[in-house]
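Examining the three-dimensional arrangement
Residue strings, one per chain:
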Amino acid sequence: QVHLVESGGGLVQPGGSLRLSCVVSGSIRSPDTMGWYRQVPGKKREFVAKINSVGLPYYTDSVRGRFTISRNDDKSVLWLQMSSLKLEDTAVYYCNVDVDPSSYWGQGTQVTVSS
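Parameters at a glance
- Once a new chain begins, its residue numbering starts again from 1 and follows that chain's sequence as written.
- Side-chain atom pairs in this predicted model are given and counted only at pLDDT of 80 or more, local residue features only at pLDDT of at least 70, and totals for whole chains, interfaces and linings cover all residues.
- As a convention, hydrogens and water are excluded, and side-chain values are obtained from all of the structure's heavy atoms.
- At least two DSSP bridges between two strands are needed for those strands to be called paired.
- Under the scheme used here, helices are H or I runs from DSSP no shorter than 4 residues and strands are E runs no shorter than 2 residues, and both carry numbers assigned from the N terminus.
- Only the stretch in contact is used when fitting a helix axis, every axis being a line fitted to C-alpha atoms; angles between N-to-C directions are given from 0 to 180 degrees.
- One side-chain nitrogen of Lys or Arg within 4 Å of one carboxyl oxygen of Asp or Glu is enough to make a salt bridge.
- Per-residue accessibility, obtained with a 1.4 Å probe over protein chains only, is compared with the maximum for each type, and a residue is labelled buried under 20%, exposed over 50%, and partly exposed between these values.

**Quick notes on the sheet that holds strand β8 (residues 77-82)**
Pairing in this open sheet of four strands is antiparallel, and the strands run β1-β3-β8-β7 from one edge to the other. Lying at the two open borders of the sheet, with one neighbouring strand each, are β1 (3-7) and β7 (67-71). Along the sheet, successive strands turn relative to each other by an average axial angle of 15°, direction set aside. By the bridge criterion, five bridges tie β7 to β8 in an arrangement that is antiparallel. When the bridges of β8 are listed, Ile69 appears paired with Leu80.

Shown next, in the form of structure tokens:
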């Protein structure tokens, strides 16, 4: 089975930066879309960023220009570089990969933006 492990979350001041990582193991073929989602208490999980099979990224409006999604060539590691962080970015961030016909999720990593 596929296993995803996120890391890199923590406490950061407004305007600061963090880089999240997601290590992917156990896949039997190259993933299709890979992405990041986030969730805050009382709200549904929200799309943040994704990168497709040929490396094209896409972002939700609220993070475009501040966050950068990337991956290594063999698609075993996914990153989210987060800069100019705002209080509203506080959430648990989840890694997601699609390997048709299945979708896989990590356990999440907490990002807290606070002064």
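Continuing now.
**Thoughts on the pattern of salt bridges**
In total, this model carries four salt bridges according to the counting rule given. The salt bridge involving Arg38 is made with Glu46; its shortest N-O contact spans 2.9 Å. Assessed through its relative accessible area of 6%, Arg38 is described here as buried. On the basis of relative accessible area, Glu46 is assigned to the partly exposed category, the value being 33%. In this structure, the salt-bridge partner of Asp89 is Arg38, at a minimum N-O distance of 3.0 Å. Here Asp89, found in the loop between β8 and β9 (91-99), pairs with Arg38, found in strand β4 (residues 34-39); they are 51 residues apart in sequence, far enough to count as distant.

**Looking at unusual backbone geometry**
Omega for the peptide link from Asp100 to Pro101 comes to 10°, which places this bond in the cis form. Summarising the element assignment, Pro101 is placed in the loop between β9 and β10 (102-105). At Ser84, a position not held by glycine, the phi torsion is positive, near 50°. Residue placement: Ser84 occurs in the loop between β8 and β9.

Purely geometric stuff here, so don't read any function into it on its own.
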